[in-house]
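# A structural walkthrough
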Amino acid sequence: MAGVLMRFLCFVLAASPLAAQEPLFRADEDTPARNAVVNIGNCTGTLISDTVVLTAAHCWPLDRRRPDVAQGVLPCAGLDQQWDLQGAPRPATTGWQPVNAAAPPFMVRIGATTGRTRMATKVTAYALPLCADIALLQVARRVPPTVAVPIPVLTEPPELAPGADPFEGMGLRHAGWGGGRTATGRRLRRTGPVSYWSENGCHIFALPTLRENGMRIEGGDSGSPLIATAKGQDYVAAILFGRGIPDAEVCGLPLLRPPERHGVYTPTWRGTIADTDATDIGAWIGELVPRAVAAWPSGD
């Protein structure tokens, strides 16, 4: 009950004049540790190994996917909205797929601004789980640690009592390419703290820091990581796809109603969902990118 009351108080503060005193998003640092959050087209991704980027599925353009389209029964039974967010992928395979060779190259750009790219490399393969707005992109060139250091991914849920804050004792941070511009108009990666709000059976609901225009999520933020920090180590804990409460009939409503400008994240540790075709995301990442997997940090 105390946790519910605290989150209610957070909502009151977010809706009050005190919200104007929140720290705004700021320009991110141009360091190998921070440069793991990369620019991909009009979205954001995260380097989780020296050859793999994690992002939102709706950030992976349809024309770069396999040109062969299967017909018949649609996958993602029970999670139609999330299947649609993914771009309605067919065939329903979850392994690595080659990029459509007839499409223009899709580039991953590494650096704190698009005006000072430290490295650029094209995507050569991709993978999509069933019924989740998440994608893995494999790049052509290995990214050296002098350019960007991959962020490990949390793939198993913490052991918690129902309704408990999964990030108790951890710092949360957003980093993404939404809305930020340099004086010359180049895209700028920005970062700021995030407050955990609530969750349902499929998603995490959280409040990124306010932007100068009063928004928390802007175009370009899709695919951004929810970065959890414990004992000085960063972890990818979830991936942003936007706002709203998709597939609420199956996933349920969050414990608290999210404010209008909330962010909705797909946890990287999300397991299977009863009566649906949903992939166990944590196991899927562990199978395809075993080097990226990290255990949930202990509170010791």
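Residues numbered from 1 in each chain as written. Predicted model: local features only at pLDDT ≥ 70, side-chain atom pairs only at ≥ 80, totals over all residues. Heavy atoms only, no water.

Note: α-helices contain 3.6 residues per turn, so residues at a spacing of three or four share the same orientation. Those residues of helix H4 (residues 281–288) not exposed but buried are Ile 281, Gly 282, Trp 284, Ile 285 and Leu 288. One side of H4 holds all its buried residues, which, seen down the axis, span an arc of 165 degrees. Contacts from the buried residues of H4 go to strand E7 (119–127), strand E8 (135–139), strand E9 (153–154) and strand E15 (263–267). At the N-terminal boundary of H4, the capping side chain belongs to Asp 280, with an oxygen 3.3 Å from the backbone nitrogen of Gly 282. (Buried < 20%, exposed > 50% of the residue type's maximum accessible area, 1.4 Å probe, protein only. Helix = DSSP H or I, 4+ residues; strand = E, 2+ residues; numbered from the N terminus. Arc of directions from axis to C-beta. Contact = heavy atoms within 4.5 Å. Polar contact = N/O pair within 3.5 Å; in protein donor to acceptor, adjacent residues only side chain to side chain.)

Tracing the sequence through the fold places Ala 103 in the loop between strand E5 (97–98) and strand E6 (107–110). Classification of Ala 103 by relative accessible area gives buried; the value is 14%. Taking the C-alpha atoms as reference points, Ala 103 and Trp 284, 181 residues apart in sequence, are found 27 Å from one another.

A word on the state of the cysteines. All chains considered together, the criterion is met by two disulfides. At a sulfur-sulfur separation of 2.2 Å, the disulfide partner of Cys 43 is Cys 59. Residues Cys 43 and Cys 59 are joined by a disulfide whose S-S torsion is about -85 degrees; by sign, that bridge is left-handed. A residue pair is termed long-range when its members are at least 10 positions apart, and Cys 43 in strand E3 (residues 43–47) and Cys 59 in the loop between strand E4 (52–55) and helix H2 (80–85) qualify at 16 residues. By relative accessible area, Cys 43 is classed as buried at 10%. Linked covalently through their sulfurs, Cys 202 and Cys 251 form a disulfide whose S-S length is 2.0 Å. Since a negative S-S torsion denotes a left-handed disulfide, the Cys 202-Cys 251 link at about -80 degrees is left-handed. A residue pair is termed long-range when its members are at least 10 positions apart, and Cys 202 in the loop between strand E11 (190–199) and strand E12 (204–208) and Cys 251 in helix H3 (residues 248–251) qualify at 49 residues. (Disulfide = S-S within 2.5 Å.)

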